[in-house]
Amino acid sequence: MADSKSVLFKIRRQGSPHTSPHWEEFSLAWHPGMNVISSLMEIARNPVTRDGKPTTPITYDANCLEEVCGSCAMLINGTARMACSALIDKLEQPVRLEPLSKFPIVRDLAVDRSVLFENLKRAKAWVPIDGTYDLGSGPRMTMEEQEAAYPLSRCISCCCCMEVCPQFNEDTGFVGAATISQVRLFNTHPTGSALKRERLAALMGDGGIQECGYAQNCVEICPKDIPLTRSISEVGGAVMKQAIGDLFRK
Amino acid sequence: MRAGQGHSFLLRRLHSLSGIIPVGAFLFEHILISNATATGGPAAYARQVRFLGGLPFVTVLELFGIWLPILFHSLYGFYIWWRGESNVTDYPWTGNWMYSAQRWTGIIAFAYIVWHTWTMRFSGIDLHLFPGAAFGKVQAEVFHTGLFLFYVAGLIAASWHFAYGIWLFCAKWGIITGQKAQKRLLVLCLAFFFVMTGAGLASLTAFRSRPQQPTARIRSALKAVLTPPKT
Ligand code: SF4
Ligand code: SF4
Ligand code: FES
């Protein structure tokens with residue numbers, strides 16, 4: 001190891017949700033093209049710390065290894081990002097790995113992000129097509145509509161936008177940018193818009209869209225470059241229109 | 001999120017609205033209209049103060065148009081601040097800085113407003129009764145360097161808070177949604193901030209560049225009138 005380059009890692013570890021965390025250091029031989037997930041795989045193959053102490057493999061979530069499944073989000077050198085697309089050559093060393101800070105820890109770098117799934121359910125972020133008979137083909141979408149919808153459909157549910165949001169925490173119960181953006185996606189979908197009113201009403205609840213302080217961190221961090229602040233503004237306007245309309249009609 | 005439940009939506013939107021109307025509208029009037037008359041000298045300033053003090057139901061207007069809305073906007077604002085978690089050290093992006101700046105300018109403006117309302121409205125000579133003493137009463141404060149700096153800090157904080165607040169309002173309420181349009185609006189709001197600060201500084205300079213008006217004499221005269229003669 002002395003002659004070839006090595007890569008240093010500092011990893012925050014925690015055995016279970018209730019034990020206290022500690023740090024472990026690892027040193028790997030450098031080779032071209034390595035990323036954070038491939039490094040974690042190497043450690044799993046030979047789980048020995050930097051000073052030669054045997055340890056357990058590190059627990060983390062990952063699946064696609066090409067930034068489309070959204071499972072590998074973690075704090076890398078203090079910033080929320082996808083581990084599979086984080087190239088070691090572009091990172092400062094030692095590479096510091098921590099679990100996302102705003103979600104319950106399962107073990108080591110794996111966290112429970114089901115809050116996003118729950119919020120998507122609460123906001124009915126789907127196209128309702130269940131029924132007892134064949135509904136036939138759906139209405140056509142214009143090219144323009146498709147182009148506006150496509151970027152929104154790229155969300156990989158990684159939760160980075162929620163991790164970096166100053167308003168996202170247990171106190172506010174804020175829903176987060178991803179769900180708001182999905183509401184925009186399904187509200188602009190010709191069939192999905194059947195649930196439009198219900199989705200907007202859901203976002204008026206405690207922890208709804210009003211909690212956004214427009215710090216715009218979400219749009220900066222989103223690995224899929226989703227125009228999140230635009231979604232927040234568009235949905236904010238729609239929510240407002242519905243709220244004012246309800247004042248007179250409900 | 002508690003889908004569709006609770007009242008925070010209403011409160012939060014009222015908070016946002018109250019910052020524009022009436023609080024922002026009042027600030028606009030206060031800096032760009034009323035205080036700007038100070039540049040025309042003590043007499044012009046006294047006329048404006050007499051006009052405002054002579055508005056029908058002036059105390060009701062002050063209470064519901066200024067004091068209570070500012071109090072609501074501030075206190076609910078502190079509550080919002082307390083629940084959020086600023087993270088500019090980890091994510092030092094412009095929008096995130098502005099998020100923090102909106103909170104700090106808010107508290108500076110609040111401290112200034114409380115002090116300013118106390119000294120101008122509730123202590124010393126009552127300017128509703130003696131509008132002629134207004135120019136001198138302000139002068140007595142702005143000739144003091146420390147207080148002058150407090151005035152400038154309050155002015156900059158309130159102007160920024162309002163100017164960026166307009167931008168936030170338009171973004172959150174879905175009035176300006178596109179990226180380019182939001183950029184353009186930001187430039188406008190920035191310009192507005194400079195106009196407000198500039199006008200405020202011009203008024204402050206007007207107070208400082210004229211000789212101290214005789215409030216002391218008015219005050220002792222007033223005392224003589226108001227103190228019941230000893231028997
Ligand atoms: S909006 Fe972006 S940051 Fe948020 S969950 Fe989706 S992909 Fe991740
Ligand atoms: S704009 Fe800021 S406050 Fe709003 S969701 Fe995005 S990060 Fe959170
Ligand atoms: S492993 Fe799927 S996004 Fe990283």
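Worth saying up front: this structure is predicted, and the values here are computed from it rather than measured.

Details of the overall build of chain B
- Counting its secondary structure elements, chain B contains eight helices and zero strands.
- Scanning chain B from its N terminus toward the C terminus, one meets helices and strands in the order α-α-α-α-α-α-α-α.
- Taking the principal axes of its C-alpha atoms as reference, chain B extends roughly 70 × 40 × 35 Å.
- Buried positions account for 44% of the 231 residues belonging to chain B.
- Residue pairs in contact within chain B that sit at least 24 positions apart in sequence constitute 74% of those at least 6 positions apart.
- For chain B, the accessible area works out to roughly 12500 Å², and carbon and sulfur atoms hold 73% of it.
- Mean positive and mean negative side-chain charge positions of chain B (19 and 6 charges, respectively) differ by 5 Å.

As for the site of ligand 2
- Ligand 2 sits among C165(A), Q167(A), F174(A), A177(A), C212(A), G213(A), Y214(A), A215(A), Q216(A), N217(A), C218(A) and I232(A).
- A class-by-class count of the residues in the shell around ligand 2 yields eight nonpolar, four polar and no charged.

Quick look at the nonpolar core
- Among the nonpolar cores identified, the biggest contains 95 residues, and F9(A), I11(A), V36(A), L40(A), I76(A), L97(A) and L203(A) are the most heavily contacted of them.
- No other element matches the 12 residues that helix α6 (residues 145–172) of chain B contributes to this core.
- Shared between two domains, this core holds at least three residues of each, these being domain 1 (6–111) and domain 2 (114–249) of chain A.
- In this view, V36(A) contacts M74(A), I76(A), A83(A), A86(A), I88(A), L91(A) and L97(A); residues no more than four positions away in its chain are not counted.
- Counting residues in hydrophobic clusters, the runner-up holds 17 residues, among them Y45(B), A133(B), V152(B) and F207(B).

Some points on the packing of aromatic side chains
- Considering all chains together, one arrives at 24 aromatic pairs over all chains under this definition.
- Look at Y112(B) and Y151(B): their rings are 5.6 Å apart centre to centre, the planes differ by 70°, and that puts the pair in the edge-to-face class. With Y112(B) in helix α4 (residues 94–122) and Y151(B) in helix α6, this residue pair connects regions lying 39 residues apart in the sequence.
- Among the residues examined, Y112(B) registers a relative accessible area of 10% and is labelled buried.
- A connected cluster of aromatic rings, assembled from ring pairs, spans Y214(A), W160(B), Y164(B), W167(B), F193(B) and F194(B).
- Over the ring of Y99(B) we find R103(B); its NZ or CZ atom is 3.6 Å from the centre of that ring.
- Sitting over the ring of F148(B), R208(B) keeps its end group 4.0 Å from the ring centre.

Concerning the domain arrangement of chain A
Residue and element names in this part refer to chain A.
- According to the domain assignment, chain A consists of domain 1 (6–111) and domain 2 (114–249).
- With 14 residues of domain 1 at the interface, the matching set in domain 2 holds 15 residues.
- Between domain 1 and domain 2, roughly 1100 Å² of surface is buried when both sides are summed, and carbon and sulfur atoms account for 62% of that area.
- For the interface between domain 1 and domain 2, the tally reads one salt bridge.
- Where K224 meets E67, a salt bridge forms, and the shortest distance between an N and an O atom there is 3.5 Å.
- Where domain 1 meets domain 2, there are five residue pairs in polar contact (both at pLDDT 80 or more).
- Classifying every residue of the side of domain 1 that touches domain 2 by side-chain character gives eight nonpolar, three polar and three charged.

Observations concerning the sheet that holds strand β2 (residues 22–29) of chain A
Residues and elements named next belong to chain A.
- Strands sit in the order β2-β1-β5-β3-β4 across an open sheet of five strands; the sheet is mixed. Two strands bound the open sheet, and with one partner strand each, they are β2 and β4 (79–82). This sheet shows a mean twist of 35° between the axes of neighbouring strands, independent of strand direction.
- Strand direction decides the pairing type here: strand β1 (residues 6–13) and β2, joined by eight bridges, are antiparallel. Within β2, the position partnered with R13 by the bridge is H22.

Some points on the interface of chain B and chain A
- At the junction of the two partners, chain B supplies 34 residues and chain A supplies 43 residues.
- Summed over the three residues of chain B that lose the most area to chain A, namely M1(B), F9(B) and R83(B), the buried surface amounts to 26% of that side.
- The tally of links between chain B and chain A comes to three salt bridges.
- Note that E211(A) is salt-bridged to R83(B), the shortest N-O span being 2.5 Å.
- Taken together, the connections running from chain B to chain A amount to 24 residue pairs in polar contact (both at pLDDT 80 or more).
- Listing elements by their share of the side of chain B that touches chain A, those giving two or more residues are α1 (8–34), α3 (58–83), α4 and α6 of chain B.
- Broken down by class, the residue content of the side of chain B that touches chain A amounts to 13 nonpolar, 14 polar and seven charged.

Some words on a nonpolar patch on the surface
- Taken together, the side chains of F57(B), V60(B), L61(B), L63(B), F64(B), L68(B), L71(B) and L75(B) make up a nonpolar region of the molecular surface, amounting to roughly 790 Å² of accessible area.
- With respect to the helices and strands, L75(B) occurs in helix α3.

Observations regarding the pattern of salt bridges
- With the rule as written, the count across this model stands at 13 salt bridges over all chains.
- Among the charged side chains, a salt-bridge network with shared partners connects R13(A), E24(A) and D108(A).

Some details on the site of ligand 1
- Neighbouring ligand 1 are 13 residues, the closest being C155(A), C158(A), C159(A), C161(A) and C222(A).
- For the shell around ligand 1, a count of residues per class yields 11 nonpolar, one polar and one charged.

Section: the packing of α6(B) against helix α7 (residues 179–209) of chain B
Residues and elements named next belong to chain B.
- At a minimum axis distance of 9 Å, the contact between α6 and α7 shows a crossing angle of 160°. Our classification of the angle between α6 and α7 gives roughly antiparallel. Relative to α7, α6 is oriented so that their crossing is right-handed.
- Class assignment for the residues of the contact of α6 with α7 results in 22 nonpolar, four polar and one charged.

Remarks on the environment of M98(B)
Residues and elements named next belong to chain B.
- Structurally, M98 is set in helix α4.
- For the pair M98 and N35, spaced 63 residues apart in sequence, the C-alpha separation works out to 28 Å.
- Those residues within four positions of M98 in sequence are excluded, and the remaining contacts are W160 and Y164.

Rules of the game
- Residues numbered from 1 in each chain as written.
- Chains lettered and ligands numbered in written order.
- Predicted model: local features only at pLDDT ≥ 70, side-chain atom pairs only at ≥ 80, totals over all residues.
- Heavy atoms only, no water.
- Helix = DSSP H or I, 4+ residues; strand = E, 2+ residues; numbered from the N terminus.
- Buried < 20%, exposed > 50% of the residue type's maximum accessible area, 1.4 Å probe, protein only.
- Contact = heavy atoms within 4.5 Å.
- Areas by Shrake-Rupley, 256 points an atom, 1.4 Å probe, with all protein chains shown as cover.
- Lys, Arg positive; Asp, Glu negative; His and termini not counted.
- Charge placed at Lys NZ, Arg CZ, Asp CG, Glu CD.
- Near = heavy atom within 4 Å.
- Nonpolar A, V, L, I, M, F, W, Y, C, P; charged D, E, K, R; others polar.
- Core = buried A, V, L, I, M, F, W, Y, C linked by side-chain atoms within 4.5 Å.
- Domains from an automatic or database assignment.
- Phe/Tyr/Trp six-rings, centres within 6.5 Å; stacked < 30°, edge-to-face > 60°.
- Lys NZ or Arg CZ within 6 Å of the ring centre and 35° of its normal.
- Buried area = accessible area lost by both parts, 1.4 Å probe.
- Salt bridge = Lys/Arg side-chain N within 4 Å of Asp/Glu carboxyl O.
- Polar contact = N/O pair within 3.5 Å; in protein donor to acceptor, adjacent residues only side chain to side chain.
- Pairing = 2+ DSSP bridges.
- Axes fitted to C-alpha atoms, helices over the stretch in contact; angles between N-to-C directions.
- Patch = residues over 30% accessible without salt bridge, like charges linked within 9 Å, V, L, I, M, F, W, Y side chains within 5 Å.
- Parallel < 35°, antiparallel > 145°, perpendicular 65-115°, else oblique.
- Left-handed = near helix turned anticlockwise from the far one by under 90°.

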